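Inside the fold
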2 protein chains.
Amino acid sequence: MADYQAPLRDIRFVLNEVFDAPALWASLPKVAENVDPDTAEAILEEAGKIASGVLAPLNRESDEQGSQWNDGEVTAPEGFKEAYQTIVEGGWNGLGGNPEFGGMGMPKTLVAQFEEMVQGASISFGLAPMLTAGACLAINAHASQELKEKYLPNMYSGVWSGAMDLTEPHAGTDLGIIRTKAEPNDDGSFNVTGTKIFITWGEHDMAENIIHLVLAKLPDAPKGPKGISLFLVPKFLVNEDGSLGERNTFSCGSIEKKMGIKGSATCVMNFDGARGWLVGEENKGLAAMFTMMNYERLGVGVQGIGAAEASLQNAREYALDRIQSRAPTGAQQPEKAADPIIVHPDVRRMLMTMKSYVEGGRAFSTYVAQWLDISKYAEDDERRQHAEGMVALLTPVAKAFLTDRALDACVIGQQVFGGHGFIREWGQEQLVRDCRITQIYEGANGIQALDLMGRKVVASKGKLYELFAQDIASFIEENSGDEQLRPYLEQLSAAVERLDDVTEHVIKVSAENPNEIGAASVDYTDMFGLTALAYMWAKMVKAAAEKAEGDTSGFYTGKLKTARFYFDRLLPKTVSLAESIRSGSDSMMAPTVEEI
Amino acid sequence: MADYQAPLRDIRFVLNEVFDAPALWASLPKVAENVDPDTAEAILEEAGKIASGVLAPLNRESDEQGSQWNDGEVTAPEGFKEAYQTIVEGGWNGLGGNPEFGGMGMPKTLVAQFEEMVQGASISFGLAPMLTAGACLAINAHASQELKEKYLPNMYSGVWSGAMDLTEPHAGTDLGIIRTKAEPNDDGSFNVTGTKIFITWGEHDMAENIIHLVLAKLPDAPKGPKGISLFLVPKFLVNEDGSLGERNTFSCGSIEKKMGIKGSATCVMNFDGARGWLVGEENKGLAAMFTMMNYERLGVGVQGIGAAEASLQNAREYALDRIQSRAPTGAQQPEKAADPIIVHPDVRRMLMTMKSYVEGGRAFSTYVAQWLDISKYAEDDERRQHAEGMVALLTPVAKAFLTDRALDACVIGQQVFGGHGFIREWGQEQLVRDCRITQIYEGANGIQALDLMGRKVVASKGKLYELFAQDIASFIEENSGDEQLRPYLEQLSAAVERLDDVTEHVIKVSAENPNEIGAASVDYTDMFGLTALAYMWAKMVKAAAEKAEGDTSGFYTGKLKTARFYFDRLLPKTVSLAESIRSGSDSMMAPTVEEI
């Protein structure tokens, strides 16, 4: 298996040449305080070293060992504790954190690149800093000043890690029916009691303390999602002077045996009157959690890109090394017993498909990160609100579409390896198993699709969609004189028009029949994502076109050729998706339970 | 996880109502000698009991235990040895075998149903009878009378099992470059020396002897695929009286750690001057192997259907049990905290997609099995040759398309489970891991696609394709007066026309540029398979339509509704595939290695 190489060249291209992130940062005073191009470059460089040099070498063995549970204690796989220490020393957990409490205040456009490299090196490990950063976000956005002061500095530094406790055995997608209870104490704290499952890194030996954010119901809370509150529940209580006090009354009952991400501990957490503190308002816990989730969801999409990039690197190396049969047009390396399999059109189709999704996905996640930065930091209300709309619309696409394509890329990469892809020692099958979770957690992709189609597109009567369509229209308009871009823009226009029509269609028919939303949602998300990636590839063509002349590295000319491949081979899927969507909900709603 | 239930109801429908297999069998005198509808029914019934009652309960634990290697000996997981004994007692290895040597002489149309049930219960286990039956086929078709008499009876009974030894570390797809050698002895035997990998059940403790069919090169054999011979190499040499003699000089060096089918042993086999006997003619070993492979390849497609059926059963049960959120049109079970997730359009989309592929795939594999039976048993030359053409054309589709859709079905089923689908105890993730191999072994699906597009469609200048197109045209013609069928026939016609056009297009462009074959092949196989399944669904509508009136079981009405779903939601994919194919090979061949 190829050693994972942080894709710094492409990250720099996307960040600087496609999106001109330095100009974005300069336009946001609060960001500009903390980052400039040199700082960003130093961060990328160092992140790449940690990913390739520290984390990636641990990944294979962590899958074999897994995290180990023993009487409530969880031991992370060999090397994880030391690697986590590296993250602590660099302050990486606080990369995007609030500087008031020790965070570095870096923009998401930059943080997302760090995340991709860490996740590309090891999803199992990467979940620890990811969950910690997510918990920090929720605390920073919703907790009292006192809680922030008490917890954030040690979480940003990473001395303490974070965990999110949402799911219960009977309640996953439908958090409205959770049973965990929080009873108020006289001192303003609460006693939290209940069982949570699927708690990533809920217990481990890498950090001194673990800060859980737990969804629970207050006594007499309203039924359903409007009766849920969010509590901060530390593993060790924290004394007034900041030192660690007694152990809180909750523990890890077991960890799951699972398909992948075996290095990470997926915990059952039993809370037995554990002391916790309310974060945000009573009964508004779900909203508080979702502030964080919007960030996390992009993070999961980025995780997918990380895995897909690793798959591409592996498959590419294998396709160059493995000799087998001759090229259809005759021997390319007659001195060898056979040609490297990269000469075969179908192997190239596989590699180019992966490359299209990985690089298109990286651009798209940076595009979404850009809106997250504007929505958080812009001082102009209109600009901020516009970005908030974009974030609301695009987040479910980034989560679902990027992870769906990431699994495709991992499975395709495995296929390039043939039988060797099925054998554990090559590591390629681990990528498939690890990547698979990204489609499931942080809101399964079907739920993301419902969010996009229902809550975002239909509920806004298309207004949120229009923001996106308008952004593409402006790009097409601005570049209408560009000869090299023209063929791409024509195809992009046609794809957007197709998406416009389908969007309008679903808004219309769902007004009569609410089932039309769920009937269209997944195909719509695919269609939306494919169109968004076409936009990204057009932007990349624009950024690469001039530099491609005289480019001997193949980087820029490769961009142009990959764009051509994407428009020729992958974008056409939108035609069929539109047809499927238009067939409506009848064919799936008509069958009775017995008929399915 | 749902207990696997052999899908006998649907198997009977396909066999008797869709294809009228009894009439087919009656038309083939050599088949009619051995089977009649009552015998067939008894076989199906018994096979179902073994699959559901004996094999399925072993499957989960076999994944945890795996086969174990110890100093050259391999121990199968707990219960496998006893289960294999059940197979021996029923003579199931010889179900389709030659009656002259103790086989039962059952037609493939029936054997395929047995295979599906066994594989649906446990792919790891099912590989043992499958490989044995495959080895018997090759021996029966190509070995001398003496070898047949010596080996076949004990292999059909299952007292001895079979293994196929093709792949070497440096030679998988490209068998022309294998290095294993066979040197002639004076007594007509050969000494075989070399290393083979990925040998399924190459060593184990379930049978008394293991008969390996090994590809090797004679001294001075021509280079490449035309210099390969096939040898029968038994684990224990067989004395003149049929008793077991000394152990042959080969052994299992290790077994692979792999993604799935962990219960089965995937062996590295080291041959060290092992005694073997030539099967078939010198240097014609590949052709002899491929006689068998045509049967095995359908078997792998059927394996996919088995896994997909198990996935459908699991996901359907979970979707009925799991309550979570409310139906979009309002609470369906207001007395509960939430509705079962089967009320949601997107969950239904997932289930109906699985059902479309599983039941359409079952019909398609039976359709191909029917051609295999005619090609083997028809006494009329023209009828037989026509069927041989169909088999040649359809086999790669059955292998690749059915297993690709099978992985889809397993992954979709896992998605229905949400987080629980990722946890080992539910068994759904095992289906994904086990099913994944079906796309890889017995010729990776990309190779199947090349076989279809290149060797079958283009090399015959479309003649083989015409056989299939003509079969559909006749069906459409015969049923043109059927009102209920009409809408389906119209869509089917359009799909065939689309496939006709693309077929003609690729034949034309590949004459100029051989890369066009590999550029089109995978998308073409998908398009072909989707069109073939549309044909199957039209046939099923015809078989179900009359009985659907007054049907209270939901079986026949369910068929009609699933057909509607298939035509509405899945067949449209062919539109995009056609467009992708027409874009040609340039976009994947233009990039240099550096540009990929």
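If you're wondering where the values come from, they're calculated on a predicted model, not measured in any experiment.

**Some words on the relation of the copies chain B and chain A**
Here chain B sits on chain A after a turn of 180° about the axis and a move of 0.0 Å along it, with an RMSD of 0.0 Å. Such a combination of rotation and displacement between the chain copies is what one expects of a two-fold axis. The position closest to the rotation axis in chain B is occupied by the C-alpha of Ser576(B), lying 2.7 Å away. The overlap is high: 100% of the interface residues of chain B also sit at the interface in chain A, so the same surface is used on both sides.

**Some points on the interface of chain B and chain A**
Between chain B and chain A, the residue contacts involve 93 residues of the former and 94 residues of the latter. Carbon and sulfur atoms make up 58% of the area that chain B and chain A hide from each other, which totals about 8,000 Å². Counting the surface chain B buries against chain A, the share from its top three residues, Phe422(B), Arg569(B) and Ile596(B), is 11%. Our enumeration of links across chain B and chain A arrives at 4 salt bridges. Of the charged contacts in the structure, one is a salt bridge between Asp523(B) and Arg569(A), with a shortest N-O distance of 3.0 Å. Inspection of the chain B/chain A interface yields 53 residue pairs in polar contact (both at pLDDT 80 or more). Looking at the side of chain B that touches chain A residue by residue, the classes come out as 38 nonpolar, 29 polar and 26 charged.

**A look at the UniProt feature "domain: Acyl-CoA dehydrogenase/oxidase N-terminal" (unreviewed entry) in chain A**
With numbering matched to this structure, UniProt assigns "domain: Acyl-CoA dehydrogenase/oxidase N-terminal" (unreviewed entry) to residues 38-158 of chain A. Counting secondary structure, residues 38-158 of chain A comes out at 71% helix and 5% strand; the distance between its end C-alpha atoms is 25 Å.

**Some details on unusual backbone geometry**
All names here are of chain B. Even without being glycine, Asp-20 reaches a positive phi, approximately 45°. Its identity as a non-glycine residue notwithstanding, Lys-461 has a phi of 50°, on the positive side. Among the structural elements, Lys-461 can be located in the loop between α13 (445-458) and α14 (463-478).

The rules behind these values
Residues numbered from 1 in each chain as written. Chains lettered and ligands numbered in written order. Predicted model: local features only at pLDDT ≥ 70, side-chain atom pairs only at ≥ 80, totals over all residues. Heavy atoms only, no water. Least-squares fit on C-alpha atoms with pLDDT ≥ 70 in both. Contact = heavy atoms within 4.5 Å. Buried area = accessible area lost by both parts, 1.4 Å probe. Salt bridge = Lys/Arg side-chain N within 4 Å of Asp/Glu carboxyl O. Polar contact = N/O pair within 3.5 Å; in protein donor to acceptor, adjacent residues only side chain to side chain. Nonpolar A, V, L, I, M, F, W, Y, C, P; charged D, E, K, R; others polar. UniProt positions renumbered as here; feature names shortened; annotations may be inferred. Helix = DSSP H or I, 4+ residues; strand = E, 2+ residues; numbered from the N terminus.

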